[in-house]
Amino acid sequence: MMSILQQHVDQLREDTSVRVVVLSANGPVFCAGHDLKEMKKVREKGIKGYQQIFSQCSALMKSIVLLPKPVIAQVEGMATAAGCQLVASCDMAVACREKV
């Protein structure tokens, strides 16, 4: 999922027709953080696996922070762990307890 989001952020950086970016979810929560099944696979790779996934996550968050357009997190439901980091990387967050 991080790779897909990174691709979109990179495309949005270059798209002059886009003036603002709104991140939202298609489900009951905004973002629960890292995929635990993926993290289990990473654990098998040892420290290098963790370094790779956390470097990827950091690069994504930095890309959002440095995006030259306002980024709004439309948070409906929970945002935990790296999902909370995703919200914090945005310029603004609008939140409610549950999906509206």
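A. Quick look at the overall build of the chain. A tally of regular secondary structure across the chain gives four helices and three strands. Walking the chain from its N terminus toward its C terminus, one meets helices and strands in the order α-β-α-α-β-α-β. Per-residue burial over the chain gives 30% buried out of 100 residues. Expressed as a percentage of contacts within the chain between residues at least 6 apart in sequence, the contacts between residues at least 24 apart total 63%. Taken as a whole, the chain presents about 6900 Å² of accessible surface, with 58% of it coming from carbon and sulfur. When the 12 positive and 9 negative side-chain charges of the chain are each reduced to one mean point, those points stand 6 Å apart.

B. Helix H2 (residues 36-45), seen in detail. Put simply, Asp 35 is the residue that caps the front of H2, since its side-chain oxygen is 2.9 Å from the backbone nitrogen of Lys 37. One or two steps after H2, the chain reaches Gly 46, where phi turns positive at roughly 80 degrees.

C. Representation of helix H4 (residues 82-89). By the burial criterion, the buried members of H4 are Ala 82, Gly 83, Leu 86, Val 87 and Ser 89. Angular distribution of buried residues about the axis of H4 spans 160 degrees; they occupy a single face of the element. Buried residues along H4 sit against helix H1 (2-14), strand E1 (21-23), helix H3 (47-66), strand E2 (71-76) and strand E3 (92-96).

D. Fine view of the packing of H2 against H3. For the pair H2 and H3, the least separation of the axes is 5 Å and the interaxial angle reads 135 degrees. By the angle between their axes, H2 is oblique relative to H3. Residues Glu 38, Met 39, Val 42, Arg 43 and Lys 45 of H2 touch H3, and the partners they reach there are Ile 47, Lys 48, Gly 49, Tyr 50, Ile 53 and Phe 54. Grouping the amino acids of the contact of H2 with H3 by side-chain chemistry returns six nonpolar, one polar and four charged.

E. Here's a closer look at the pattern of salt bridges. Taken as a whole and assessed by the stated rule, the structure comprises one salt bridge. A salt bridge links Arg 13 to Asp 10, with the nearest nitrogen and oxygen atoms 3.2 Å apart. Taken as a pair, Arg 13 and Asp 10 lie in helix H1 at a separation of three residues, close to a single helical turn. Since its relative accessible area comes to 28%, Arg 13 is described here as partly exposed. On the accessibility criterion, Asp 10 (34% relative accessible area) is partly exposed.

Analysis parameters
- Residues numbered from 1 in each chain as written.
- Predicted model: local features only at pLDDT ≥ 70, side-chain atom pairs only at ≥ 80, totals over all residues.
- Heavy atoms only, no water.
- Helix = DSSP H or I, 4+ residues; strand = E, 2+ residues; numbered from the N terminus.
- Buried < 20%, exposed > 50% of the residue type's maximum accessible area, 1.4 Å probe, protein only.
- Contact = heavy atoms within 4.5 Å.
- Areas by Shrake-Rupley, 256 points an atom, 1.4 Å probe, with all protein chains shown as cover.
- Lys, Arg positive; Asp, Glu negative; His and termini not counted.
- Charge placed at Lys NZ, Arg CZ, Asp CG, Glu CD.
- Polar contact = N/O pair within 3.5 Å; in protein donor to acceptor, adjacent residues only side chain to side chain.
- Arc of directions from axis to C-beta.
- Axes fitted to C-alpha atoms, helices over the stretch in contact; angles between N-to-C directions.
- Parallel < 35°, antiparallel > 145°, perpendicular 65-115°, else oblique.
- Nonpolar A, V, L, I, M, F, W, Y, C, P; charged D, E, K, R; others polar.
- Salt bridge = Lys/Arg side-chain N within 4 Å of Asp/Glu carboxyl O.

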